[in-house]
Amino acid sequence: MNLKSTVLALLASTAGLCASAAPAATSTVQLLPNADAPVIKKEIYGQFAEHLGRCIYGGIWVGEESGIPNTQGYRTDVLNALRELHVPVLRWPGGCFADEYHWMDGIGPHDKRPVMVNTNWGGTVEDNSFGTNEFFNFCELLGCEPYLSGNVGSGTVEELAKWVEYITAADGPMAELRKANGREKPWRLKYLGVGNESWGCGGNFTADFYANVYRRYQTYCRDFSGNRLYKIASGANAGDYNWTEVLMRDAMHQFNGVSMHYYSVGDWNSKGSATVFDASDYYRTLAICLDMKTLVERHSEIMDRFDPEKRKGLMVDEWGTWWEVEPGTNPGHLYQQNTMRDAIVAALTLNIFHDNAARVHMANIAQLANVLQAMVLTQDAEMVLTPTYYVFKMYVPHQDARLVPLAVTTATRSIEGRNDVPEVSATCSEKDGVYTISLTNTSLEKGNDVAVDLAALKLKVQGAEILTAASVNDYNDFGKPEAVTLKSFKDAKIKDGKLNVSMPPMSIVTISLK
Ligand code: AHR
């Protein structure tokens, strides 16, 4: 820690960043069960892994010869940690990298694969040792759906068409090539993205031009051998509503979903430190992350005009926090730490996706390991689980569960020029008679006594977990005991048909009821 960070950290702790004993506030939550409420698709819990910094190399893949314990070349610790999250879908190989990736460079014997320069991300030399076979095998080990991001920016229609054939065809020249590379059976490929950020690093297209390019590329991405592609058009940058309008108007009949990217960044020229921040930075970040609500709602309104039955998915296939890189690391590798603040951003954002589950059919946090708002961080043979990882773990029961709409009454904090931040944010779902309620107390200063009206449902608490920290700046680091970790929670009790939850400041609680 340098002098500036030490001073800031001291100021932060005296400014109330640590949990204090101020009197608790109160909030109410009412369950409004509705059989017509949408199911929260498990794909909202999707992940994203790009050839960027140490996400793939070092984070997932170390190779079979590595001294780091591995399973067929994949880090065993990371694999086991991810299995706990029930990862439903994994997007790969980018990001911006996807539009410079030529898949044929990443197949066949490792020593014959050409190298390339990863021009997007730090000019790192990419040896292509992690390619199509390695990605699909990883998805099989993880039990998730693969989501390919195809190269439109610098690739060809033929190249993308042949990639789909290589992966999914039972017979023919591409199938023979796959078999020669050791994979007899076709893989299943559901999600195919046609380009990434085509308005920017993916080719700098205009919306009208991209809509036509999209139509052309997707024509030649065929359904082989019983495989059915779910095609995703490269969507808007945050609030570029015209992009969604044009794609819905001109290409909707050729896609199943359209993407949208939004990162919780206030100022791209001054993103701020992941770990050194004060209370005002914290609340401002929450206000910024809540822009996701407006974005999802406004893109949905446009989509509703063309597709009132909500058949087409809004795929938020990149989201999360984006801070300055950790001091001393490659600026092009986007390696950042992850504090209790990131955990709260994750919970608030997932709650927004739940509320919009009828339209948000997938979301992919950026990224899986060692990049941006990661699930895991690795350093040689060590791995730490981030606070964000624990939110995803707590929220597993919401995957594929039916949303239970809520009425929430809570105080709000106003942030100049931004969204108000609610003291308590809540979400609830039901699956197989089990109700899962997740509550987030955003206040750094005050606990919150939340009274949940269970709508006359005869429920008992089955279990509860809490994620909190001594300071919102706390994070998990190598060689140290975990500062932010899940604990069992006892302050959730039912009395007279109400669930009473006493939440400490800056905490996330998930309660399971049956
Ligand atoms: O996730 C990092 C980068 O952010 C992706 O490569 C790109 O799509 C986005 O701009």
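Every chain is numbered on its own, with residues counted from 1 as its sequence reads. Local features in this predicted model are restricted to residues whose pLDDT is 70 or higher, and side-chain atom pairs enter the listing and the counts only when it is 80 or higher, whereas totals over whole chains, interfaces and linings include all residues. Water and hydrogen atoms were dropped before computing side-chain values, which therefore reflect all heavy atoms in the structure.

Numbering of helices and strands starts at the N terminus; helices are DSSP runs of H or I of at least 4 residues and strands are runs of E of at least 2. Of the regular secondary structure elements, the chain holds 11 helices and 27 strands. We compute the radius of gyration from the C-alpha atoms alone; for a globule the expected value is 2.2 Å times N to the 0.38, where N is the number of residues. The C-alpha atoms of the chain give a radius of gyration of 23 Å, which matches the 24 Å a tight globule of 514 residues would have. Judged by the C-alpha coordinates and their principal axes, the chain covers about 70 × 55 × 40 Å. A 1.4 Å probe rolled over the protein chains alone gives each residue an accessible area, and that area as a share of the maximum for its type sets the label: buried under 20%, exposed over 50%, partly exposed in between. Relative to its full complement of 514 residues, the chain shows a buried share of 57%. Long-range pairs, those at least 24 residues apart, make up 76% of the contacts in the chain with a sequence separation of at least 6. By the convention used here, residues are in contact when the closest approach between their heavy atoms is within 4.5 Å.

The subject of this paragraph is the domain arrangement of the chain. Annotation of the chain at the domain level lists domain 1 (3–35 + 405–513) and domain 2 (44–265 + 290–341 + 353–401). Bear in mind that the domain bounds are from an automatic or database domain assignment. Here the C-alpha centre of domain 2 lies 31 Å away from the C-alpha centre of domain 1. Contact residues are listed per partner, giving 36 residues for domain 1 and 28 residues for domain 2. Here a salt bridge means any side-chain nitrogen of Lys or Arg lying within 4 Å of a carboxyl oxygen belonging to Asp or Glu. Summed over the shared surface of domain 1 and domain 2, the number is 1 salt bridge. A salt bridge links Arg418 to Asp291, with the shortest nitrogen-to-oxygen separation between them at 3.3 Å. Here a polar contact is recorded for every N or O atom pair within 3.5 Å, except that within protein the pair must consist of a potential hydrogen donor and a potential acceptor, and residues adjacent in sequence are included only if both atoms are side-chain atoms. For the pair domain 1 and domain 2, the number of links is 14 residue pairs in polar contact (both at pLDDT 80 or more). For the side of domain 1 that touches domain 2, the secondary structure elements donating two or more residues are β19 (421–422), β20 (424–431), β21 (434–441), β23 (461–468), β24 (485–488) and β27 (507–513).

Our focus in this paragraph is the site of the ligand. Here a residue counts as near a molecule or strand whenever at least one of its heavy atoms sits within 4 Å of it. Every residue lining the ligand is accounted for by Phe48, Glu50, Gly95, Cys96, Trp121, Asn196, Glu197, Tyr263, Glu318, Trp322, Gln367 and Leu372. One nitrogen or oxygen atom from the side chain of Tyr263 is found 2.8 Å from an oxygen atom belonging to the ligand. Contacts to the ligand include Glu318, whose side-chain N or O atom sits 2.7 Å from an oxygen atom. Areas reported here follow the Shrake-Rupley algorithm with a probe of radius 1.4 Å; residue values treat only the protein chains shown as occluding. Within the complex, 94% of the 280 Å² of free accessible area of the ligand lies under protein. By residue class, the composition of the shell around the ligand is 6 nonpolar, 3 polar and 3 charged. Just so you know the grouping, Ala, Val, Leu, Ile, Met, Phe, Trp, Tyr, Cys and Pro go in nonpolar, Asp, Glu, Lys and Arg go in charged, and all remaining residues, Gly too, go in polar.

The topology assignment puts Glu43 in the loop between β1 (22–31) and β2 (46–48). Ignoring sequence-local partners within four residues, the contact set of Glu43 consists of Pro88, Val89, Tyr191, His361, Met362 and Ala363.

Our focus in this paragraph is the packing of helix α2 (residues 76–83) against helix α3 (residues 132–142). To obtain each axis, a line is fitted to C-alpha atoms, and for helices this fit is confined to the stretch in contact; angles are then taken between N-to-C directions over 0 to 180 degrees. Their axes nearest at 10 Å, the elements α2 and α3 cross at an angle of 50°. Of the possible angle classes, the one that applies to α2 and α3 is oblique. Contact residues: α2 offers Leu79, Leu82 and Arg83, while α3 offers Phe138, Leu141 and Leu142. A per-class count over the contact of α2 with α3 returns 5 nonpolar, no polar and 1 charged. Oblique is the label for any angle not under 35 degrees, not over 145, and not in the 65 to 115 range, which are roughly parallel, roughly antiparallel and roughly perpendicular in turn.

Let's shift gears to empty space enclosed by the protein. Computed over the protein atoms alone on a 1 Å grid, cavities are sets of points where a 1.4 Å probe fits but cannot get out and pockets are open sets with protein on both sides within 12 Å along at least five of seven lines; a residue lines them when it has an atom within 4 Å of a point. Grid points are joined across faces, edges and corners, and a volume is the space filled by probe spheres set on the points. Under the definition given, this model contains 2 cavities of 30 Å³ or more. The space that makes up the largest cavity amounts to roughly 50 Å³. Surrounding the largest cavity, Tyr101, Trp103, Gly150, Asn151, Gly155, Thr156, Glu159, Leu160 and Trp163 form its lining. A breakdown of the residues in the lining of the largest cavity according to their chemical character gives 4 nonpolar, 4 polar and 1 charged. In this structure, the second largest cavity is lined by 13 residues; those nearest its centre are Arg91, Gly195, Ser234, Ser259 and Asp317. Per-element accounting of the lining of the second largest cavity gives the leading share, 3 residues, to strand β10 (residues 230–237). Taken together, the residues that form the lining of the second largest cavity break down as 3 nonpolar, 7 polar and 3 charged.

Attention shifts here to the state of the cysteines. Working definition: the covalent bond between the sulfur atoms of two cysteines is a disulfide. For this text, the term disulfide refers to a pair of cysteine sulfurs within 2.5 Å. Tallied over the full model, the rule gives 1 disulfide. The residue that forms a disulfide with Cys96 is Cys201, at a sulfur-sulfur distance of 2.2 Å. Because the torsion about its S-S bond is -85°, the bridge between Cys96 and Cys201 counts as left-handed. Linking Cys96 in the loop between β5 (89–92) and β6 (116–118) with Cys201 in the loop between β9 (191–194) and α6 (207–219), this pair joins segments that are 105 residues apart in sequence.

What follows concerns the layout of surface pockets. Within this model, the second largest pocket holds a volume of roughly 530 Å³. Lining the second largest pocket are 24 residues; nearest its centre among them are Lys293, Asp355, Pro422, Ser425 and Ala426. Of all the secondary structure elements, the ones that give two or more residues to the lining of the second largest pocket are α9 (291–306), α10 (340–355), β17 (406–409) and β20. Top element by residues in the lining of the second largest pocket is β20. It accounts for 5 residues. Its residues placed into classes, the lining of the second largest pocket shows 12 nonpolar, 8 polar and 4 charged. Of the domains in this structure, domain 1 (3–35 + 405–513) and domain 2 (44–265 + 290–341 + 353–401) are the two that each give at least three residues to the lining of the second largest pocket.

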